[in-house]
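# Coordinate inspection notes
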Amino acid sequence: MTTATAALCHGHGKAFTFEQVQLADLRPDELRVRIVACGICHTDLAVRDGQLPVGLPAILGHEGAGVVEAVGADVTHIAPGDRVVMSFNSCGQCPNCADHAPTYCYDFFAHNWSGARADGTATVRGDGGAQVNANFFGQSAFATHAIATVRNVVKVPESAAAVPLTILAPIGCGLMTGAGAVLRSMKVRADLPIAVFGAGTVGMAAIMAAKIAGAHPIIAVDVNDDRLALARELGATHAFNARAGAIDSIRALCTQGLGYVFDTTGINAVIQDAWNLLAPRGIAGIVGASDPADLLTFNEAAFMGGGRRVMGILGGDSDGEGFLTELIEHHLAGRFPYERLIEVFPFNQIEQAIAASESGKVVKPVLSIGQE
Ligand SMILES: NC(=O)c1ccc[n+]([C@@H]2O[C@H](COP(=O)([O-])OP(=O)(O)OC[C@H]3O[C@@H](n4cnc5c(N)ncnc54)[C@H](O)[C@@H]3O)[C@@H](O)[C@H]2O)c1
Ligand SMILES: [Zn+2]
Ligand SMILES: [Zn+2]
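The notes below deal with the structure included here. Quick caveat: nothing in here was measured; it's all calculated off a predicted structure.

## Here we look at the nonpolar core
The biggest cluster of nonpolar side chains holds 98 residues, and the ones touching the most others in it are Phe 142, Val 182, Met 186, Ile 194, Tyr 338, Leu 341 and Leu 367. The dominant element in this core, judged by the number of residues it contributes, is helix H6 (residues 201–213), at nine residues. Composition of this core by domain shows at least three residues from each of domain 1 (2–172 + 337–368) and domain 2 (175–315). Those residues in contact with Tyr 338 that lie beyond four places of it in its chain are Ile 167, Leu 168, Pro 170, Ile 171, Leu 175, Met 208 and His 331. Residues Val 221, Phe 240, Ile 250 and Ala 274 belong to the second largest nonpolar core, which totals 16 residues.

## Looking at the coordination of the zinc ion (ligand 2)
For a metal bound by four donors in tetrahedral geometry, the ideal donor-metal-donor angle is 109.5 degrees, whereas six donors in octahedral geometry ideally sit at 90 or 180 degrees. For the zinc ion (ligand 2), the full set of protein donor atoms is Cys 91 (SG), Cys 94 (SG), Cys 97 (SG) and Cys 105 (SG), and the range of their distances to it is 2.3 to 2.4 Å. Seen from the zinc ion (ligand 2), its four donor atoms lie at angles of 101 to 119°, and the figure they make is tetrahedral. Written as a sequence motif, the donor arrangement for the zinc ion (ligand 2) is C-x2-C-x2-C-x7-C. Each member of the pair, Cys 97 together with Cys 105, is buried.

## Some details on the coordination of the zinc ion (ligand 3)
On the protein side, the zinc ion (ligand 3) has Cys 41 (SG), His 62 (NE2) and Cys 173 (SG) as donor atoms, found 2.0 to 2.3 Å from it. Of note, the zinc ion (ligand 3) draws all its donor residues from one chain, in the sequence arrangement C-x20-H-x110-C. A residue pair is termed long-range when its members are at least 10 positions apart, and Cys 41 in the loop between strand S3 (30–39) and helix H1 (42–48) and His 62 in the loop between strand S4 (58–59) and strand S5 (64–71) qualify at 21 residues. Taking relative accessible area as the criterion, Cys 41 reaches 8% and is therefore assigned buried.

Thresholds applied
Counting from 1, residues in each chain are numbered in the order their sequence is written. Key to labels: chains lettered from A, ligands numbered from 1, both in the order written. Totals for whole chains, interfaces and linings use all residues, but because this is a predicted model, local features are given only for residues with pLDDT of at least 70 and pairs of side-chain atoms are given and counted only at 80 or more. Hydrogens and water are ignored here; the side-chain numbers use all heavy atoms of the structure. In this description, a nonpolar core means a group of buried Ala, Val, Leu, Ile, Met, Phe, Trp, Tyr and Cys residues linked to one another through side-chain atoms lying within 4.5 Å. Exposure categories follow from relative accessible area, calculated using a 1.4 Å probe and restricted to protein chains: below 20% of the type maximum is buried, above 50% is exposed, and the middle band is partly exposed. Working definition: helices are DSSP H or I runs of at least four residues, strands are E runs of at least two. Numbering for both runs from the N terminus. Domain start and stop positions are those given by an automatic or database domain assignment. Should any heavy atoms of two residues lie within 4.5 Å, those residues are counted as being in contact. Each metal site is built from N, O and S donor atoms within 2.8 Å (3.2 Å for Na, K and Ca), and since water is not included, such sites may look incomplete. Site shape is set this way: if four donors have all angles between 85 and 135 degrees, tetrahedral; if opposite donors are over 155 degrees apart and all others between 65 and 115, square planar for four donors and octahedral for six; otherwise irregular.

Structure, rendered in structure tokens:
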């Protein structure tokens, strides 16, 4: 057993508490990571607020990076001392995992949101021995140490040895999702217009990726003018405030309709407005967490006629190591300058980091949890 300090989430309106916990002994396919940094993602807050079916209290945090401390007997390609980033977990055996689409793992819930290993055993216990909800996205990295598996840990390539783990940490969720939505899920084509609704981490990553893909124009929509200004610096050719007639402005700009709309807001009305902007064969990609009871309504004739598509997207169709390594290479080459989104906070300022995200001041807060 290993002792760790973890930030426990107790739900909406309640402060995180820092608790001493015990990590289980490693299974053969597991690794113990000393956490150096962890990004805060809107999905952590969606869990805190009861929008996702994760039991509370829980150790959240799913954009962790750190240094491997110990590995199970079957782990061969990663060793103690290696710098790693962590991403979501998956079963490795279902039809989608077999087809290199692990974000759509048939057993996603058990491997990411059940609070324990997929077989129900605890990875974390409190000092008194009671099971603590953990193993969130196969990691629970709002803690000094985490247990992960070979399937959701990626070794940082030698080429990125100089990039701090505070910068690398968030690559395994929101950034991967936005970039992957454009490059892998929707496979955005050059010279077609795209509009991105919501210029947070996911939207900004989509905008940077749309520039890599050569989409044109690249339109950012948000309610926050500072974010719209940053979106323009990162690749958006146009930026419209949703509170100032954005939909009309987009219609005037792209009279033939859009090849792609990408919603990161999860707001029903935004998604439906966005869908109505599509050109024939256009794709509406949807990633935002929304109310579990939400339903969307589309006109069936417009949906069928013109072959328009609505695409639910998880994790940007990332395949794990391959895509994360590709994104790190884009970052090193200056094509994916997502460090512009990051502000680092000390671990004990998790509340301030969350507040900065919720107020819109900081796009991607990253917690500094331990030394490199
Ligand atoms: N599907 C996935 O795999 C996946 C992965 C990561 C995150 N997510 C989800 O994606 C969503 C976006 O995540 P994020 O980290 O970028 O969040 P974020 O809060 O940083 O970004 C959301 C943005 O939407 C803007 N917004 C709010 N109302 C708007 C409106 N009416 N019109 C336009 N913009 C509006 C906000 O100002 C903000 O900039 C969250 O719901 C998150 O849970 C999904
Ligand atoms: Zn699977
Ligand atoms: Zn996330």
